[in-house]
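Geometric and topological summary
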Amino acid sequence: MLLAVLTMTASAQEKSAKWYDNIKFSGYGMLQYQFEDKEGGEHNEFNLRLMRMMLDGKIGDFDWRAQIQGSNAKGPGEATVQLIDLYAEWVKHKEFRVKAGQFKRAFTFENPTNPVTQGWFAYAMAINALSAFGDRTGEKSSSGRDIGVQVQGDLFPNANGRRLLHYQVGVYNGEGINQKDKDQRKDIIGGLWVMPIQGVRIGAFGWTGSRADMTDMNGDKISMSKNRYALSAEYDKDQYTFRAEYLHSQGLGAEKVGSNIIDYAKGDKADGWYVFGIVPVVKSKLHAKARYQTYRDNKEWNRAKTMYEIGFNYFFTKNLQLNVEYARVNDRTIANPDKHNYNFVDAQFDFRF
């Protein structure tokens, strides 16, 4: 009996070791400095933008991830630590994969990109407002994530085995991260893109859903519908990256992020777009970049905010980089037309482990 117990224990330890070997621990930190001379909103400060730690693993035909984030999302001195990813994905077939849990919504090319490799001081304004970061509906910042189930796949391999078509469709609670469904209405998001030549993607996305517990003009609680689409194009090869996206939203918005009070003055439409290029000056060492972006929270130019950005990314090593940029901002949401234009500077020191 003793021999049998020892044998089973040794076998269990061996299996445990093999399972443990399939787990990878990683993470990154982002340290930030910002200057802005916007009237009434001047700031000149250092900030801890965020820190993330994640576990990735594989069990049979399933990949899984658990990720937590710490940030100053609420402001300096009000740190937030939260679970942002927790999912498993069946990956046996490239043509059909199934993911369940909390993960990135299937909307736009930029949403799924890592904040470090994204290359800018922040995601584009339209992505932030219409892809569930600091969402137009008032939903708290969810880093583009939600809880749900998604199917996706890559189809039609060419002679070299490179697949030409990608699809993805997801069903989500529609409330953001770490939230149960509050109105029993699900968000449905889908995307489709073609990859005609290596490095090129051309796609479109659609999103229909709702946000629960919004307060209307009568003080009543309602579920507010939202319908969105995005058109996207990208070239990403040999450290050259060019991307352009247009996003459109139909559905009333909230007064501000974190609010559930509807702001009727904004109307029920919003849109935004961006285009950028990042090119190597010294390969794997120094990249130059420029971006133009606009967001209109009422789909009218009288409330448009536009940024013209230039900068560089310097790589000390592949896991240590410095990102610097300057922007000239035209913000027509500012009441005084003489104060629409101001300057913005951002520098970030990022490291991975």
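Before going into details, it helps to say that this report is about the structure given with it. All residue numbers refer to positions counted from 1 along the written sequence of the respective chain. Totals for whole chains, interfaces and linings use every residue, but because this is a predicted model, local features are given only for residues with pLDDT of at least 70 and side-chain atom pairs only at 80 or more, for both listing and counting. Hydrogens and water are ignored here; the side-chain numbers use all heavy atoms of the structure.

1. Overview of the overall build of the protein
- Each helix is a run of DSSP H or I of at least 4 residues and each strand a run of E of at least 2, with the numbering of both proceeding from the N terminus. Of the regular secondary structure elements, the protein holds 3 helices and 18 strands.
- Taking 2.2 N^0.38 as the reference for a compact globule, 353 residues should give roughly 20 Å; the C-alpha atoms of the protein span a radius of gyration of 22 Å, in line with that estimate.
- Each principal axis of the C-alpha atoms in the protein carries an extent, and together these give about 85 × 55 × 50 Å.
- Using a 1.4 Å probe on the protein chains alone, a residue whose accessible area is under 20% of its type maximum counts as buried, one over 50% counts as exposed, and one in between counts as partly exposed. Here the protein, with 353 residues, has 46% of them falling under the buried criterion.
- The Shrake-Rupley method, run with a 1.4 Å probe sphere, supplies the accessible areas, and residue values consider only the shown protein chains as cover. By element, 60% of the accessible surface of the protein is carried by carbon and sulfur atoms, the whole surface being about 17,500 Å². Radius of gyration: over C-alpha atoms. The globule rule applied is 2.2 Å multiplied by the number of residues raised to the 0.38 power.

2. Here we look at the pattern of salt bridges
- Whenever Lys or Arg places a side-chain nitrogen within 4 Å of a carboxyl oxygen from Asp or Glu, that contact is recorded as a salt bridge. Enumeration according to the criterion identifies 21 salt bridges in this entry.
- Across the salt bridge formed by Asp-56 and Arg-65, the nearest N and O atoms sit 2.6 Å from each other.
- We note a salt bridge from Glu-234 to Arg-201, for which the minimum N-O separation is 2.9 Å. With Glu-234 in strand S10 (residues 221-237) and Arg-201 in strand S9 (residues 200-215), this residue pair connects regions lying 33 residues apart in the sequence. With respect to burial, Glu-234 and Arg-201 carry one shared label: buried.

3. Some remarks on the nonpolar core
- Think of a nonpolar core as a cluster: buried Ala, Val, Leu, Ile, Met, Phe, Trp, Tyr and Cys residues, connected wherever their side-chain atoms sit within 4.5 Å. Membership of the largest hydrophobic core comes to 36 residues, with the highest contact counts inside it found for Phe-107, Ile-127, Leu-247, Tyr-295 and Met-307.
- Those elements that provide at least two residues to this core are helix H3 (125-130), strand S8 (187-194), S9, strand S14 (269-282), strand S17 (320-331) and strand S18 (341-352).
- Element by element, the count of residues in this core is highest for H3, at 5 residues.
- Here Tyr-295 is in contact with Met-125, Ala-126, Ala-129, Leu-130, Arg-136, Ala-270, Asp-271, Gly-272, Arg-303, Ala-304 and Lys-305, once residues within four sequence places are set aside.
- Counting residues in each nonpolar core, the second largest holds 5 residues, with Tyr-28, Leu-50, Met-54 and Val-116 among its members. Residues are treated as being in contact if the distance between any of their heavy atoms lies within 4.5 Å.

4. Regarding the packing of aromatic side chains
- Two rings belonging to Phe, Tyr or Trp (six-membered ring only in the last case) form a pair when the distance between their centres is within 6.5 Å. Interplanar angles under 30 degrees mark stacking, angles over 60 mark edge-to-face geometry, and anything in between is tilted. This structure, assessed with the given rule, holds 19 aromatic pairs.
- Taking 6.0 Å as the distance between ring centres and 80 degrees as the angle between the ring planes, the aromatic pair formed by Tyr-87 and Phe-103 counts as edge-to-face. Here Tyr-87, found in strand S4 (residues 80-93), pairs with Phe-103, found in strand S5 (residues 96-104); they are 16 residues apart in sequence, far enough to count as distant. Take Tyr-87 and Phe-103: they sit in the same class, and that class is buried.
- Within the aromatic cluster, the residues linked to one another by ring pairs are Phe-107, Phe-109, Trp-193, Phe-205 and Trp-207.
- Above the plane of the ring of Phe-109 lies Arg-201, whose end atom (NZ or CZ) is 3.9 Å from the centre.
- Across the ring face of Trp-120, the terminal group of Lys-289 is positioned such that the distance to the ring centre comes to 4.8 Å. Remark: a charge is flagged as sitting over a ring if the NZ atom of Lys or the CZ atom of Arg is within 6 Å of the ring centre and within 35 degrees of the ring normal.

5. Comments concerning the side chain of Gln-293
- Mapping Gln-293 onto the fold places it in strand S15 (residues 286-296).
- In this structure the side chain of Gln-293 is engaged in a polar contact, spanning 2.8 Å, whose partner is the side chain of Glu-309.
- Setting aside chain neighbours within four positions, we find Gln-293 in contact with Ala-124, Met-125, Trp-273, Tyr-274, Lys-305, Thr-306, Met-307 and Glu-309. By the criterion applied in these results, polar contacts are pairs of N or O atoms within 3.5 Å in which, for protein atoms, one can donate a hydrogen and the other can accept it, and in which residues neighboring in sequence qualify only through two side-chain atoms.

6. Things to note about the pairing of strand S2 (residues 43-59)
- Here strand S1 (residues 24-36) runs beside S2; their pairing, made up of 13 bridges, is antiparallel. Looking at the pairing, Gln-34 lines up with Glu-45 of S2.
- Whether two strands pair comes down to DSSP finding at least two bridges between them. Between the end of S1 and the start of S2, which pair antiparallel, lie 6 residues, with Gly-40 showing a positive phi angle near 85 degrees.

7. Quick notes on the side chain of Arg-105
- Of note, Arg-105 is situated in the loop between S5 and helix H2 (115-118).
- When its relative accessible area of 1% is taken as the criterion, Arg-105 is described as buried.

8. Re unusual backbone geometry
- Even without being a glycine, Gln-184 presents a positive backbone phi close to 60 degrees.
- When you line up the elements, Gln-184 lands in the loop between strand S7 (163-172) and S8.
- Judged by its relative accessible area of 62%, Gln-184 is exposed.
- Even without a glycine there, the phi angle at Lys-299 is positive, about 60 degrees.
- Structurally, Lys-299 is set in the loop between S15 and strand S16 (304-317).

9. A short note on the pairing of S17
- Bridge analysis of S16 against S17 gives 12 bridges, and the strand direction is antiparallel. Its bridge partner lying in S17, Asn-313 is registered against Asn-323.
- The antiparallel hairpin formed by S16 and S17 contains 2 residues in its connecting segment.

10. Description of a nonpolar patch on the surface
- A cluster of nonpolar side chains, namely Phe-25, Leu-31, Leu-48, Leu-55, Phe-316, Phe-349, Phe-351 and Phe-353, defines an oily patch on the protein surface of about 710 Å² accessible area.
- Elements with a contribution of two residues or more to the nonpolar patch: S1, S2 and S18.
- Judged by relative accessible area, which is 48%, Phe-25 ranks as partly exposed. Patches here: salt-bridge-free residues with over 30% relative accessible area, like charges joined within 9 Å, nonpolar side chains (Val, Leu, Ile, Met, Phe, Trp, Tyr) joined within 5 Å.

11. Quick notes on the environment of Ala-129
- Take Ala-129: it is sitting in helix H3.
- Residues Ala-129 and Asn-114 lie 15 residues apart in sequence; the distance between their C-alpha atoms is 18 Å.
- Not counting chain neighbours up to four residues away, the residues in contact with Ala-129 comprise Gly-134, Asp-135, Arg-136, Arg-228 and Tyr-295.

12. Observations regarding the environment of Glu-42
- Structurally, the position occupied by Glu-42 is in the loop between S1 and S2.
- When the C-alpha positions of Glu-42 and Val-282 are compared, they lie 35 Å apart, and in sequence the two are 240 residues distant.
- Non-local contacts of Glu-42, meaning those with residues more than four positions away in its chain, are made with Glu-36 and Asp-37.
- Side-chain polar atoms of Glu-42 contact the backbone nitrogen of Gly-40, separated by 3.2 Å.

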